[in-house]
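Here are the chains, one letter per residue:
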Amino acid sequence: MKIYLSSTYLDLKRHRAILARGLRKSGYDVGMMEEDAARDQGVEFACQGDVVGCDVYAGIFAWRYGHIPSDNNPEGLSVTEMEYAAAGAKPMTRLTFLLDEKAPWPAARKDPDPARISDLRARLRKQCSGYFATAGELAFEVLAALRVHESTRLAQQLEAVDVMLKAQELGSSYLMNIKDKLRLLGEVPFVELRIGPTPWWNTRL
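Residues numbered from 1 in each chain as written. Predicted model: local features only at pLDDT ≥ 70, side-chain atom pairs only at ≥ 80, totals over all residues. Heavy atoms only, no water.

We now examine the pattern of salt bridges. Summed over the entire model, instances satisfying the criterion amount to five salt bridges. A salt bridge links Asp111 to Arg64; its shortest N-O distance comes to 3.8 Å. With Asp111 in the loop between β4 (93–99) and α4 (115–124) and Arg64 in the loop between β3 (56–61) and α3 (79–89), the pair connects residues that are 47 residues apart, well separated along the chain. What makes Asp111 buried here is its relative accessible area of 15%. Residue Glu101 is joined to Arg125 by a salt bridge in which the shortest nitrogen-to-oxygen separation is 2.9 Å. With Glu101 in the loop between β4 and α4 and Arg125 in the loop between α4 and β5 (130–132), the pair connects residues that are 24 residues apart, well separated along the chain. On the basis of relative accessible area, Arg125 is assigned to the partly exposed category, the value being 38%. Connected through shared salt-bridge partners, Glu81, Asp119 and Arg123 make up one network. (Salt bridge = Lys/Arg side-chain N within 4 Å of Asp/Glu carboxyl O. Helix = DSSP H or I, 4+ residues; strand = E, 2+ residues; numbered from the N terminus. Buried < 20%, exposed > 50% of the residue type's maximum accessible area, 1.4 Å probe, protein only.)

As structure tokens, then:
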């Protein structure tokens with residue numbers, strides 16, 4: 001599973017490095033803007049492309065809104081918010097983590113005008129996956145959220161397979177019923193179908 005780490009860079013550089021190391025030691029593949037090779041694309045387009053090439057988006061937000069590209073940006077979004085929007089448009093799993101409002105944070109790492117980042121944080125609080133005060137706490141919260149995500153995803157897949165196994169009859173229209181049942185399976189990598197009370201035909205998909 002590949003995780004894309006999204007955040008402003010200079011204020012969260014240490015947090016990103018520690019988190020990436022923890023994720024990789026836990027067996028995850030990690031995508032990070034600072035590790036990309038130089039490309040002809042503008043950073044805003046390159047980063048959005050990197051996001052959708054991953055399985056899970058992990059957004060980390062402190063008190064900086066980030067760089068706002070001047071070209072092809074009618075909404076005036078920062079690169080960090082563009083990445084968040086790109087993950088939502090895919091769609092893909094979005095995990096967001098906010099610096100605790102009571103956590104000490106150097107003034108030099110905060111925006112002089114906090115309006116944009118305060119507005120973004122207010123929106124993100126509605127679906128926040130966890131809060132952190134230190135780099136260690138961030139790594140703990142992200143790894144815990146990923147484990148919950150993986151467990152939930154597996155349970156959903158097993159439930160869908162169970163529905164297939166408990167189906168006694170597929171009905172008079174085999175193909176339409178098969179199609180309906182397969183929709184329940186989502187991303188299950190392996191499916192075996194047995195048709196009839198006494199199977200006369202089976203196949204693996």
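A word on the side chain of Thr8. With respect to the helices, strands and loops of the structure, Thr8 is situated in the loop between β1 (2–6) and α1 (13–25). Residue Thr8 is classed as buried on the basis of its relative accessible area, which comes to 8%. In this structure the side chain of Thr8 is engaged in a polar contact, spanning 2.7 Å, whose partner is the side chain of Asp11. Look past the residues within four positions of Thr8 in its chain and what remains in contact with it is Arg16, Arg64, Tyr65, Gly66 and Thr80. (Polar contact = N/O pair within 3.5 Å; in protein donor to acceptor, adjacent residues only side chain to side chain. Contact = heavy atoms within 4.5 Å.)

Below, the discussion takes up α1. Between its first and last C-alpha, α1 extends 19 Å over 13 residues, near the 18 Å set by a 1.5 Å rise per residue. Every buried residue of α1 is accounted for by His15, Arg16, Leu19, Ala20 and Leu23. Viewed end-on, α1 has its buried residues packed into an arc of 125°, placing them on one side of the element. In α1, those exposed residues whose orientation departs by more than 90 degrees from the buried face are Arg14, Arg21 and Lys25. (Expected span 1.5 Å × (residues − 1). Arc of directions from axis to C-beta.)

In this section: the environment of Pro114. Relative to the elements of secondary structure, Pro114 occurs in the loop between β4 and α4. In sequence terms Pro114 and Tyr65 are 49 residues apart; their C-alpha atoms lie 8.1 Å from each other.

Moving on, we come to the pairing of β4. Among the seven residues in β4, five count as buried, and that is most of the element. Note: β3 against β4, six bridges, orientation parallel. Across the sheet, the residue bridging to Gly59 is Thr96, located in β4. The β-α-β motif built from β3, the intervening α3 and the parallel element β4 has right-handed crossover chirality. Relative to β5, β4 runs parallel, the two being bridged by three bridges. Across the sheet, residue Leu98 finds its bridge partner in β5, namely Tyr131. For the crossover from β4 across α4 to β5, the handedness is right-handed. (Pairing = 2+ DSSP bridges. Right-handed = clockwise from strand over helix to strand, strands pointing away.)

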